[in-house]
Amino acid sequence: RRHTRSLCDWSSDVCSSDLVISCMSVGNIAFTPLCADWGARVVGYESSAATASVLNMRWAFMRGAARQHGLLTATYRSCNFGDASTIFSNGSSFHSPQNLLDNYYSVFSGAGMTWYKFDIWYQYMAGASMFYHEQGFDEYWKPGGTTVAGIKEVQLSPKGKLVDRFLRTTASEPDRGSPFTPIAFLVDYAHGWEPAPFWPNSFKNLHEHQDRFLYGDHERMLEEYFWTAYYPIGPESEKPMTATNEVFVPAVFGDIFDVAYAYPDVSKWKTIDTYPVVILAGDIELTQAEGERLAQYVDRGGTLLVTDGALSGPGVNALALPHGGGFREGREYRWLLDKQESGSTVRLSGVFRYKPIAREVGRPLAETPSGDVFCTAIDRGQGRLIYWTIPRGMTIGKQAHPVFSHLLGHLSRDVMPIEVSGDVQWLVNRTEQGWAVTLINPAGQYKPQQGIVPTDFRENRSVTIRSRVPITSGRDLLLPTDALQVEEGTLRCEVPAGGVRIIHLRPLKPRTK
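Residues numbered from 1 in each chain as written. Predicted model: local features only at pLDDT ≥ 70, side-chain atom pairs only at ≥ 80, totals over all residues. Heavy atoms only, no water.

Colleague: How would you explain the overall build of the protein chain if you had to name every residue and give the values?
Modeller: Counting its secondary structure elements, the protein chain contains nine helices and 28 strands. Over its C-alpha atoms the protein chain spans a radius of gyration of 24 Å, differing by no more than 12% from the 24 Å that the globule rule assigns to 513 residues. Seen along its three principal axes, the alpha-carbon backbone of the protein chain occupies a region of about 85 × 60 × 45 Å. When burial is assessed residue by residue, the protein chain has 55% of its 513 residues classed as buried. Taking contacts inside the protein chain between residues at least 6 apart in sequence as the whole, the part at least 24 apart equals 71%. Roughly 22300 Å² of accessible area belongs to the protein chain as shown, and the carbon and sulfur atoms make up 51% of that amount. Once the 51 positive and 55 negative side-chain charges of the protein chain are each reduced to a mean point, those two points are 4 Å apart. (Helix = DSSP H or I, 4+ residues; strand = E, 2+ residues; numbered from the N terminus. Rg over C-alpha atoms; globule rule 2.2 N^0.38 Å. Buried < 20%, exposed > 50% of the residue type's maximum accessible area, 1.4 Å probe, protein only. Contact = heavy atoms within 4.5 Å. Areas by Shrake-Rupley, 256 points an atom, 1.4 Å probe, with all protein chains shown as cover. Lys, Arg positive; Asp, Glu negative; His and termini not counted. Charge placed at Lys NZ, Arg CZ, Asp CG, Glu CD.)

Colleague: Could you give an account of the packing of aromatic side chains, with specific residues and numbers?
Modeller: Enumeration over the complete set of coordinates arrives at 22 aromatic pairs. Ring geometry for Trp193 against Trp227: centres 6.4 Å apart, planes inclined by 75 degrees, an arrangement best described as edge-to-face. Of this pair, Trp193 sits in the loop between β10 (183-188) and α6 (217-229) while Trp227 is found in helix α6, placing the two residues 34 residues apart along the sequence. Like Trp193, the residue Trp227 is buried in the burial classification. Through successive ring pairs, a cluster of aromatic residues spans Phe61, Phe185, Trp193, Phe226, Trp227, Tyr230 and Phe257. Positioned above the aromatic ring of Tyr116 is the side chain of Arg77, whose terminal nitrogen or guanidinium carbon lies 5.9 Å from the ring centre. Taking the ring centre of Phe327 as reference, the NZ or CZ of Arg353 above it sits at 4.0 Å. (Phe/Tyr/Trp six-rings, centres within 6.5 Å; stacked < 30°, edge-to-face > 60°. Lys NZ or Arg CZ within 6 Å of the ring centre and 35° of its normal.)

Colleague: Explain the packing of α6 against helix α9 (residues 402-412) to me, and be specific about the residues and the numbers.
Modeller: Where α6 meets α9, the closest approach of the two axes is 10 Å, and the angle between their N-to-C directions is 50 degrees. By the criterion of interaxial angle, the relationship of α6 to α9 is oblique. Between α6 and α9 the crossing geometry is right-handed. Contacts between α6 and α9 involve Tyr225, Thr228 and Ala229 on the former and, on the latter, Phe404, Ser405 and Leu408. Its residues assigned to classes, the contact of α6 with α9 comprises four nonpolar, two polar and no charged. (Axes fitted to C-alpha atoms, helices over the stretch in contact; angles between N-to-C directions. Parallel < 35°, antiparallel > 145°, perpendicular 65-115°, else oblique. Left-handed = near helix turned anticlockwise from the far one by under 90°. Nonpolar A, V, L, I, M, F, W, Y, C, P; charged D, E, K, R; others polar.)

Colleague: Now, about the pairing of strand β24 (residues 461-467): what can you tell me, with residues and values included?
Modeller: Counted residue by residue, β24 has five buried out of seven residues, so it is predominantly covered. By the bridge criterion, four bridges tie strand β21 (residues 418-421) to β24 in an arrangement that is antiparallel. From the neighbouring strand, Glu419 faces β24, where its bridge partner is Arg466. Across six bridges, the pairing between β24 and strand β27 (residues 490-495) is antiparallel. Across the sheet, Arg466 pairs through a bridge with Thr490, a residue of β27. (Pairing = 2+ DSSP bridges.)

Colleague: So what about a nonpolar patch on the surface? Which residues, and what values?
Modeller: On the surface, a cluster of nonpolar side chains totalling about 230 Å² of accessible area is made up of Ile21, Leu72 and Met130. Inspection of the secondary structure puts Ile21 in the loop between α1 (2-15) and β1 (22-24). A relative accessible area of 38% means that Ile21 is categorised as partly exposed. (Patch = residues over 30% accessible without salt bridge, like charges linked within 9 Å, V, L, I, M, F, W, Y side chains within 5 Å. Salt bridge = Lys/Arg side-chain N within 4 Å of Asp/Glu carboxyl O.)

Colleague: Provide a residue-level description of the sheet that holds β24, including the pertinent values.
Modeller: A sheet is described by the order of its strands in space; here four strands give the open sequence β21-β24-β27-β26, paired in antiparallel fashion. Every interior strand has two partners, whereas the edge strands, β21 and β26 (486-487), have only one.

Colleague: Which residues make up the side chain of Thr438, and what values do they have?
Modeller: Positionally, Thr438 belongs in strand β23 (residues 435-441). Setting aside anything within four residues of it in sequence, one finds Thr438 in contact with Met125, Gln425, Trp426, Leu427, Arg501 and Ile502.

Colleague: Pulling in residues and values, what's your account of the pairing of β10?
Modeller: The element β10 is extensively covered by neighbouring structure, given that six of its six residues are classed as buried. Burial along β10 is two-sided: Ile183, Phe185 and Val187 facing one way and Ala184, Leu186 and Asp188 facing the other are all buried. Both β10 and strand β12 (residues 277-280) contribute to a ladder of four bridges, which runs parallel. If you follow Ile183 over to β12, its bridge partner there is Val277.

Colleague: Describe in detail the nonpolar core, supporting the description with residues and values.
Modeller: Soluble, globular proteins show a tendency: their nonpolar side chains are buried together. Phe185, Phe226, Tyr230, Ile279, Leu304, Leu439 and Ile465 are the most contacted members of the largest nonpolar core, which totals 106 residues. For this core, the element with the most residues is α6, which contributes six residues. Ranked by size, the runner-up nonpolar core spans 34 residues in total, among them Ala66, Leu71, Tyr116 and Met125. (Core = buried A, V, L, I, M, F, W, Y, C linked by side-chain atoms within 4.5 Å.)

Colleague: Quick rundown of the pattern of salt bridges? Include the residues and the values.
Modeller: Scanning all chains against the criterion turns up 27 salt bridges. Between Asp273 and Arg300 there is a salt bridge, with the nearest N and O atoms lying 3.1 Å from each other. In this pair, Asp273 is assigned in the loop between β11 (257-262) and β12 and Arg300 in the loop between α8 (288-299) and β14 (303-307), connecting sequence segments 27 residues apart. Exposure remark for Asp273: the relative accessible area of 39% places this residue in the partly exposed category. Residues participating in the shared-partner salt-bridge network are Asp217, Asp283, Arg392 and Lys398.

Colleague: So what about the layout of surface pockets? Which residues, and what values?
Modeller: Here the second largest pocket is characterised by a volume of approximately 300 Å³. Along the walls of the second largest pocket sit 17 residues, with Glu236, Lys239, Asn245, Ala443 and Tyr446 positioned nearest its centre. Partitioned by chemical class, the residues of the lining of the second largest pocket number eight nonpolar, four polar and five charged. (1 Å grid on protein atoms, 1.4 Å probe; cavity = no way out; pocket = protein on both sides within 12 Å on 5 of 7 lines; lining within 4 Å. Points joined across faces, edges and corners; volume = space filled by probe spheres on them.)

This is the structure:
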């Protein structure tokens, strides 16, 4: 926090200018809350295919800041895969062989058109206020031109066709609604974390001190928490990279998260009460006012998840966290909400340290096989505090303890009016007429940085959409001729490999404004 204050003098003048929109690629996670605080009216992201792009996660950070500060959001669409780009024009391009070791832009290079299609529709449904296309000059082209192919007229390029369809479709049916994201991660506004940095320290080394702000437990906790929330990004990042596998991630919990930011000035905590569940992530030095604001959130009906070791400062006392005993060590645990007739299952984990919590403090959620409680839920006012005593929620090997995934499953249960099962990326929007469910299937389209491959339609995915609110019909915005059937609140469909579907669900009675 002290470091970001030193940056504020020059940054606030730039960010508050009507002529500047910050659209960083690497670093947008760290600087979005700072730009918002410095007076930016629009926060943005340069989308591309790169390590740890995880577009749904980056949108959670950006959308949370935009909602908290009342800002617009911008998409800067580059179509880059690393620093190779898909381009359909010879102008302003590095497309000849001598550029192969540096930049190489061509029809066959870069992220490709499946990525482009995904990016257009996902970012639109995720809440983008505006698009800027870095290679917008190539939405028209003249294919062919040799003796065999013949001279072709100027026409829409593959990019242009995608953009043309998007503009026509959204002009005729503009009701995209707003993303329904009931769970917020609360991080410090000066958290500094970026999962794929150019420098091995926080804030992209903007401070120019390579020996300072080195990655430690704070950054590791953030990575482990978000890699759990957006699983399977971890396993995907271990595979050979394609244009889509680290960008469009079929997160196991769905795209149900936002990120909210803790500022010392609690008047900036404008949206925290709109989230039924808040998860504290990363280190936060709480002022007295911040601690009291969190306690107020719980008293008013919110559910707050707090981990031992991440909070410091005078505001911690306001939360009245339970006192544990001295540290002990374990390598097995029981998740007590998963009880079978023979009792809850003993599960293995990495070796972890914990402080035992008195059983009578609250409702035990997790314990060691010997009966030591290390995670408990405590009723406070109209809300609930969940506290666990594994430092920062990580094992001694610095991996997220498996209890965190249990907690995410427990906290996300029943908070979504619409849920999706099937190995696809999904996002739910509340619209004027009901609900819209975006379904993206990145499987079967494994484009490399240079070249193209055929789509493997054996990777089509079957999807089931279940609604807890009454719905009568479903219609695909992009394939309206498909006769979708709703039976007892359930709709089943197939998402082709490399395909996008946006299913509009209609309730018994349309929403009233």
